[in-house]
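# Per-entry structural report
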Amino acid sequence: MSRLQTIIRSLKNGRRIIGPIASISVNNPHGIRSYSQMEVQKDAKLPVPLTISTQSEHENEDTKYEENIKNNILNHALDFVPKSGWSVESLSSGAKAAGYPTITHGLFPNGGGDLVHYFNIKCNEQLVEQMKTWPKMELKESTVPSQFIENAIMTRLLMIDPYKITWPKAMAIQTMPNNVSNCLATLLSLVDDICYHSGDRSVDFNWYTRRVGLAGIYKAAELFYLTDSTPNSGATRSFVASRIRDAQLIQAALNLNPVAAAPQTLTAAFTTAKNILGINTLK
Amino acid sequence: MAFRSGITKILSLRCAAHHVQVRRALTTQTKMVEEMKPGKTHFGFQEIEEEEKTKKVHEVFETVAEKYDLMNDVMSMGIHRVWKDIFMQRLAPTPETKLLDMAGGTGDITFRYIKYLQNLPASQGARSSVTVCDINQAMLDVGKQRALKLGFTPELCGVDISWVCGDAEKLNLPDDSFDAYTIAFGIRNCTHIEKVLEEAYRVLTPGGRFLCLEFSQLPNSTLQWVYDQYSFQVIPVLGQLFVGQWKPYQYLVESIRQFPNQEKFKSMIEDAGFRQVTFENLTFGTCAIHSGFKL
């Protein structure tokens, strides 16, 4: 084969000529992200296939062993967050506390991002455990279990309390491009858990609107909570309550026909506008 | 005058180089280690007795030791510095780390490690250490001199440095004694890669990290072709021009082709017992950083 032919053939084979100078290979299927996936599956009670080959069982064991070590280190690292923030420094202190050398922080290539992600997952799990014990309500057509949702959001927000000073940094870390997907996954699993345990079994379009709406309320409340200095976070609670009322009004409006809904839609819009302008004097 | 005699030598050696090139073009896939007969190993593209390899590699580095750093700059156009910087950033050493810098003769990794630690906020009482280990005393001597010149003495930089001459396959160091094991552009020259990995696993403490920087293969065949042209046509010439040596640099490029690719090397690291093994390509895959943990 002549030289020219070789060149042409290799040009054909190699389409991806332009590549990054230094790229991070995604060859880590047991990465920390899979954790939330597993949790979602568990909660949705998906049928587990009964025939698992011994090899994959072995692999599962390995993954579990590694996950346990990672979670142990992360758990210890949380103790150092008030002191050194959501950082690699906390991770290496955590590794040391767990009995490993400080260099083991390399297990978490995302650094602080992985720590924040772990904290979110842990809080979501705790919230699910608590919600299971709360009294169940029958979800009737066009009513929203507002008290349940308010309690759930507040319980979840108060879990941030020990780390409140460092939480703005954590929120910033979550918006970094390489952490966004993890952050959205945990947020969606949070609102999904809340909706499921509040009795939502809808299979129509409401499934989406409820979850997206709730995610919006949660994130807004999180921001409000950061600057809330009232005792027992009373202001945050009333903020959450009024956001849920807004959502209720919007949902009611969507369920009605346009003409009959006009006054309520207007009221909702008006209240929202007042809230935005900060001249809502009801509270 | 030396330059001109270099040119004449190149001209006389061109035939040999061309021969290598033709063979290379026909076998685009690297020959794997499995094909070897028992007791034999690769020395570049040659097949030699296992005992011989250590000796030959030793000779190669003996001859190039003094100009080693210069040649690294020339051949990689300075990029090897960036690779090593990235390598150290991936390790991200923390105070009180005990590092074993294997095959770290001239100290490139060690000095970066010390600088990284110096740039960290000062911590009280935590003292880090580094053990530079190399099979070749000539390379270690170059490293020691550089350390003196750069002012990296234990008193000044706050990091304990010790220089040890030893074989990566039979380390004379106790079990569980290091937090991190780095080997940059060294593992390729060892006769038994599995033994090196096993030794690395042995000397690392639980939770310790194995980090390897090594030439690898480009997943894109066009770029691999370009890279091959550069390796076989240019690098030995540069060796002849700057150091007056052709053979060591021909060995260098050949040994790169014999080294297992990213995925294969990853599974070798896993076989040695390491967990959470990952790799990252640098400059399209010219180099790869492999990372593993003893957990």
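Residues numbered from 1 in each chain as written. Chains lettered and ligands numbered in written order. Predicted model: local features only at pLDDT ≥ 70, side-chain atom pairs only at ≥ 80, totals over all residues.

- If you look chain B up in an unreviewed UniProt entry, it shows as 2-methoxy-6-polyprenyl-1,4-benzoquinol methylase, mitochondrial from Chrysodeixis includens.
- Looking at the Catalytic activity (unreviewed entry) heading of the UniProt record, one finds this comment for chain B: "a 2-methoxy-6-(all-trans-polyprenyl)benzene-1,4-diol + S-adenosyl-L-methionine = a 5-methoxy-2-methyl-3-(all-trans-polyprenyl)benzene-1,4-diol + S-adenosyl-L-homocysteine + H(+)".
- Looking at the Pathway (unreviewed entry) heading of the UniProt record, one finds this comment for chain B: "Cofactor biosynthesis; ubiquinone biosynthesis." (UniProt positions renumbered as here; feature names shortened; annotations may be inferred.)

- By the naming in an unreviewed UniProt entry, chain A is Ubiquinone biosynthesis protein, taken from Chrysodeixis includens.
- Listed under Subcellular location (unreviewed entry) in UniProt, the entry text for chain A is "Mitochondrion".

## Looking at the overall build of chain B
- Per the secondary structure count, chain B includes 11 helices and nine strands.
- Taken over 295 residues, chain B has a buried fraction of 43%.
- Sequence-distant contacts, at least 24 apart, represent 73% of the contacts inside chain B between residues at least 6 apart. (Helix = DSSP H or I, 4+ residues; strand = E, 2+ residues; numbered from the N terminus. Buried ≥ 20, exposed ≤ 12 C-beta atoms within 10 Å, placed from the backbone. Contact = placed C-beta atoms within 7 Å.)

## Here's the deal with unusual backbone geometry
- Positioned with a positive phi, Ser233 of chain A is a non-glycine residue whose angle comes to about 55 degrees.
- When you line up the elements, Ser233 of chain A lands in the loop between α10 (206–226) and α11 (234–255).
- Of note in the backbone geometry, Met77 of chain B takes a positive phi value of approximately 55 degrees without being a glycine.
- Its place among the elements puts Met77 of chain B in the loop between α3 (68–76) and α4 (79–91).
- We classify Met77 of chain B as exposed; it has 7 C-beta atoms within 10 Å.

## Details of the packing of helix α9 (residues 177–197) of chain A against α10 of chain A
All names here are of chain A.
- It is the contact of α9 with α10, at a shortest axis distance of 9 Å, that shows an interaxial angle of 115 degrees. As the angle between them shows, α9 and α10 are arranged roughly perpendicular. The handedness of the crossing between α9 and α10 is right-handed. On α10, the residues touching Leu187, Leu188, Leu190, Val191, Asp192, Ile194 and Cys195 of α9 are Arg210, Arg211, Leu214, Ala215 and Tyr218.
- When its residues are assigned to classes, the contact of α9 with α10 shows nine nonpolar, no polar and three charged. (Axes fitted to C-alpha atoms, helices over the stretch in contact; angles between N-to-C directions. Parallel < 35°, antiparallel > 145°, perpendicular 65-115°, else oblique. Left-handed = near helix turned anticlockwise from the far one by under 90°. Nonpolar A, V, L, I, M, F, W, Y, C, P; charged D, E, K, R; others polar.)

## Some points on the UniProt feature "domain: COQ9 C-terminal" (unreviewed entry) in chain A
- Residues given the UniProt feature "domain: COQ9 C-terminal" (unreviewed entry) here are residues 181–248 of chain A.
- Across residues 181–248 of chain A one finds 78% helix and 0% strand; the C-alpha atoms that close the span lie 29 Å apart.

## What about the UniProt feature "domain: Ubiquinone biosynthesis protein COQ9 HTH" (unreviewed entry) in chain A?
- Feature annotation in UniProt assigns "domain: Ubiquinone biosynthesis protein COQ9 HTH" (unreviewed entry) to the following positions: residues 66–96 of chain A.
- For residues 66–96 of chain A, helix accounts for 84% and strand for 0%, while the C-alpha atoms at its two ends are 17 Å apart.

## Let's talk about the domain arrangement of chain A
Residues and elements named next belong to chain A.
- By the assigned domains, chain A splits into domain 1 (66–109) and domain 2 (112–283).
- Between the C-alpha centres of domain 1 and domain 2 there is a distance of 30 Å.
- Contacts between domain 1 and domain 2 engage 12 residues on the former and 12 residues on the latter.
- Of all the secondary-structure elements, those providing two or more residues to the side of domain 1 that touches domain 2 are α3 (54–78), α4 (81–84) and α5 (88–97).
- Grouping the amino acids of the side of domain 1 that touches domain 2 by side-chain chemistry returns nine nonpolar, three polar and no charged. (Domains from an automatic or database assignment.)

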